[in-house]
Amino acid sequence: MKTVYDDNRIRKDKRRGKVAGVCAGLAGHFDTPAWLVRLAAILCFITFPMAVAIAYIVAAFILPDA
């Protein structure tokens, strides 16, 4: 029996990334422009700096590379 895995996972995109590739990976997964995801991340960081910083650092360590 062949097992099929869903390869549509969120991955970091270090080629297009500015810091760790998390926003570029999210943009690629959701098929949106990277600048829009980065803008949303910056606006969220201004509003909730500690939560967004922790989420970004955790995502940078946990997400696999593209």
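Residues numbered from 1 in each chain as written. Predicted model: local features only at pLDDT ≥ 70, side-chain atom pairs only at ≥ 80, totals over all residues. Heavy atoms only, no water.

A. View of the UniProt feature "transmembrane region" (unreviewed entry) in the chain. According to UniProt, the feature "transmembrane region" (unreviewed entry) maps to residues 35–63 in the numbering used here. Note that residues 35–63 is 93% helix and 0% strand, and that its end C-alpha atoms are spaced 20 Å apart. (UniProt positions renumbered as here; feature names shortened; annotations may be inferred. Helix = DSSP H or I, 4+ residues; strand = E, 2+ residues; numbered from the N terminus.)

B. Region of the structure containing the pattern of salt bridges. Tallied over the entire structure, the rule returns three salt bridges. Here Lys14 makes a salt bridge to Asp65, at a shortest N to O gap of 3.9 Å. Here Asp65 lies in the segment after α3 (49–62) and Lys14 lies in the segment before α1 (22–30), a separation of 51 residues in the sequence. In this structure Lys14 comes out as exposed when scored by relative accessible area, which is 54%. Connected via shared salt-bridge partners are Lys12, Lys14 and Asp65. (Salt bridge = Lys/Arg side-chain N within 4 Å of Asp/Glu carboxyl O. Buried < 20%, exposed > 50% of the residue type's maximum accessible area, 1.4 Å probe, protein only.)

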